[in-house]
Amino acid sequence: DVYFWEAKGQNPMFPRILGHEAGGIVESVGEGVTDLAPGDHVLPVFTGECKECAHCNSEESNMCDLLRINTDRGVMLHDAKSRFSISGKPIYHFLGTSTFSEYTVIHVGCVAKINPLAPLDKVCIMSCGFCTGFGATVNVAKPKRGSSVAIFGLGAVGLAAAEGARVSGASRIIGVDINPSRFEQAKKFGVTEFVNPKDHKKPVQEVIAEITDGGVDRSVECTGNVDAMISAFECVHDGWGVAVLVGVPHKEAVFKTHPVNFLNERTLKGTFFGNFKPLSDLPGVVEKYMNKELELEKFITHEVPFSEINKAFDYMLKGESLRCIIRME
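What you are looking at is a predicted structure, and each value in this text was computed from that prediction instead of being measured.

Things to note about the packing of helix 3 (residues 129–141) against helix 4 (residues 156–168)
Inference 1: Remark: helix 3 packs on helix 4, axes separated minimally by 7 Å, with the N-to-C direction vectors making an angle of 40°. Here helix 3 lies oblique to helix 4, going by the angle between them. Of the two elements, helix 3 crosses helix 4, and the hand of that crossing is right-handed. Contacts between helix 3 and helix 4 involve Gly129, Phe130, Thr132, Gly133, Phe134, Thr137 and Val138 from the first element and Val157, Ala160, Ala161, Glu163, Gly164, Ala165, Val167 and Ser168 from the second.
Inference 2: For the contact of helix 3 with helix 4, the residue count by class is eight nonpolar, six polar and one charged.

So, in structure tokens, the structure goes:
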């Protein structure tokens, strides 16, 4: 949200209600909506699933033609109008969700119905950060049991990626971050060793290659920094290494690497929302939490009422929090 508030990711749009990670309860449904009813517990998602397009019908893709993320659209698809206003003037939507609001209006294809017994103040983090990182590892990188995985960036998304590596049975999970204060906390998520690029005079990909006898089996990049992306790709082992990019880069960023890195049979992949289809897959991920197969509590470090939302941003920008839950009063 900060990234788009600063207008680094797209054309600025103002005024707009930000927020794209939440849990909620359906208050009412519009004409033609049959899949949801008032009282349903749901997770709104910044990307969607129309269930009709080629992407939705593909087992490999979650990039819905109709409802994929659109950072420039600040209105509803149906009539190209906003559902928010003040003094008769429109306030724009953000990523189709605008969750920093007591009430919001969302396309039915961007709302996943979940188990009503699931605590919304825990599973809300699945609507973006957790699934993005966790899915990048388990659905896209797919590390084998006993393999080595490097995670670039140990914020909430990176730690979710590490959790995915831990659940997959990786034997070495190397955390890469320039903030050493994150290292201790990362141990709870399965990270076994740490590399701080600032501690070395050579590129971090060379450091990782040295300590892993040629490179890691898998890497997941969760920073959005293009240099970290290049390092994540170049640190995987030739012959079988797979690097997965998750972070959102600056709009002018350019990725450069020598083509021989591909010819030596390294694979570079990108992922979007961890390759999860929101409506089809999210209910099952919530059930994994309900069955105690996943831990979400360790991601939640702070809680504030909605009136203190700026505190939540301060915690994040200072690197003090992983996820701060904002409660509507």
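Structural notes on the state of the cysteines
Inference 1: On inspection of all chains with the given rule, the structure shows zero disulfides.
Inference 2: Cysteine 56 provides the cysteine sulfur closest to cysteine 53, a residue in no disulfide bond, and the two sulfurs are 3.7 Å apart.
Inference 3: Among the cysteines around cysteine 124, which has no disulfide bond, cysteine 324 carries the closest sulfur, lying 10 Å off.
Inference 4: By relative accessible area, cysteine 124 is classed as buried at 10%.

Overview of the pairing of strand 13 (residues 323–327)
Inference 1: Relative to strand 13, strand 12 (residues 300–305) runs parallel, the two being bridged by five bridges. Within the sheet, the bridge partner assigned to glutamate 303 lies in strand 13 and is isoleucine 325.
Inference 2: Note on the crossover from strand 12 through helix 10 (residues 309–317) to strand 13: the handedness is right-handed.

Regarding unusual backbone geometry
Inference 1: Along the chain, phenylalanine 14 connects to proline 15 via a cis peptide bond; the corresponding omega equals -10°.
Inference 2: Within the fold, proline 15 resides in the loop between helix 1 (2–5) and strand 1 (24–25).
Inference 3: Here leucine 95, not a glycine, exhibits a phi torsion of approximately 50°, which is positive.
Inference 4: On the basis of relative accessible area, leucine 95 is assigned to the buried category, the value being 7%.
Inference 5: Unlike most non-glycine residues, lysine 292 shows phi in positive territory, near 65°.
Inference 6: Of note, lysine 292 is situated in the loop between helix 9 (278–290) and strand 12.
Inference 7: Take lysine 292: its relative accessible area is 74%, and that puts it in the exposed class.

Topic: the UniProt feature "domain: Alcohol dehydrogenase-like C-terminal" (unreviewed entry) in the protein
Inference 1: Residues given the UniProt feature "domain: Alcohol dehydrogenase-like C-terminal" (unreviewed entry) here are residues 156–282.
Inference 2: Along residues 156–282 the backbone is 34% helical and 16% strand, and the end-to-end C-alpha distance reaches 18 Å.

Describing the sheet that holds strand 8 (residues 193–195)
Inference 1: Strands sit in the order 8-7-6-9-10-11 across an open sheet of six strands; the sheet is parallel. Of all the strands in the sheet, the pair left with one neighbour each is strand 8 and strand 11 (267–270). Neighbouring strand axes in the sheet, compared pairwise and without regard to direction, differ in orientation by 20° on average.
Inference 2: One ladder, built from five bridges, connects strand 6 (residues 148–152) with strand 7 (residues 172–176); its direction is parallel. Each residue of the ladder has a partner; that of isoleucine 151, found in strand 7, is glycine 175.
Inference 3: Across the sheet, helix 3 lies against strand 9 (218–221), strand 10 (242–245) and strand 11, angled at about 145° from strand 9, the strand it touches most.

Regarding the sheet that holds strand 5 (residues 111–113)
Inference 1: Pairing within the open sheet is antiparallel, and its three strands lie in the order 1-2-5. Each end of this open sheet is capped by a strand with a single partner; those strands are strand 1 and strand 5.
Inference 2: Pairing analysis gives two bridges linking strand 1 to strand 2 (residues 41–44), with the strands arranged antiparallel. Bridge pairing in strand 2 links isoleucine 25 to histidine 41.

Comments concerning the side chain of asparagine 62
Inference 1: Position of asparagine 62 among the secondary structure elements: in the loop between strand 2 and strand 3 (84–86).
Inference 2: Judged by its relative accessible area of 4%, asparagine 62 is buried.
Inference 3: Within the structure, the side chain of asparagine 62 is placed 2.8 Å from the backbone oxygen of phenylalanine 276, a separation counted as a polar contact.
Inference 4: In this structure, asparagine 62 is in contact with Thr47, Gly48, Phe272, Phe273, Asn275, Phe276 and Lys277, ignoring residues within four places of it in sequence.

Cut-offs used in this document
Residues numbered from 1 in each chain as written. Predicted model: local features only at pLDDT ≥ 70, side-chain atom pairs only at ≥ 80, totals over all residues. Heavy atoms only, no water. Axes fitted to C-alpha atoms, helices over the stretch in contact; angles between N-to-C directions. Helix = DSSP H or I, 4+ residues; strand = E, 2+ residues; numbered from the N terminus. Parallel < 35°, antiparallel > 145°, perpendicular 65-115°, else oblique. Left-handed = near helix turned anticlockwise from the far one by under 90°. Contact = heavy atoms within 4.5 Å. Nonpolar A, V, L, I, M, F, W, Y, C, P; charged D, E, K, R; others polar. Disulfide = S-S within 2.5 Å. Buried < 20%, exposed > 50% of the residue type's maximum accessible area, 1.4 Å probe, protein only. Pairing = 2+ DSSP bridges. Right-handed = clockwise from strand over helix to strand, strands pointing away. UniProt positions renumbered as here; feature names shortened; annotations may be inferred. Polar contact = N/O pair within 3.5 Å; in protein donor to acceptor, adjacent residues only side chain to side chain.

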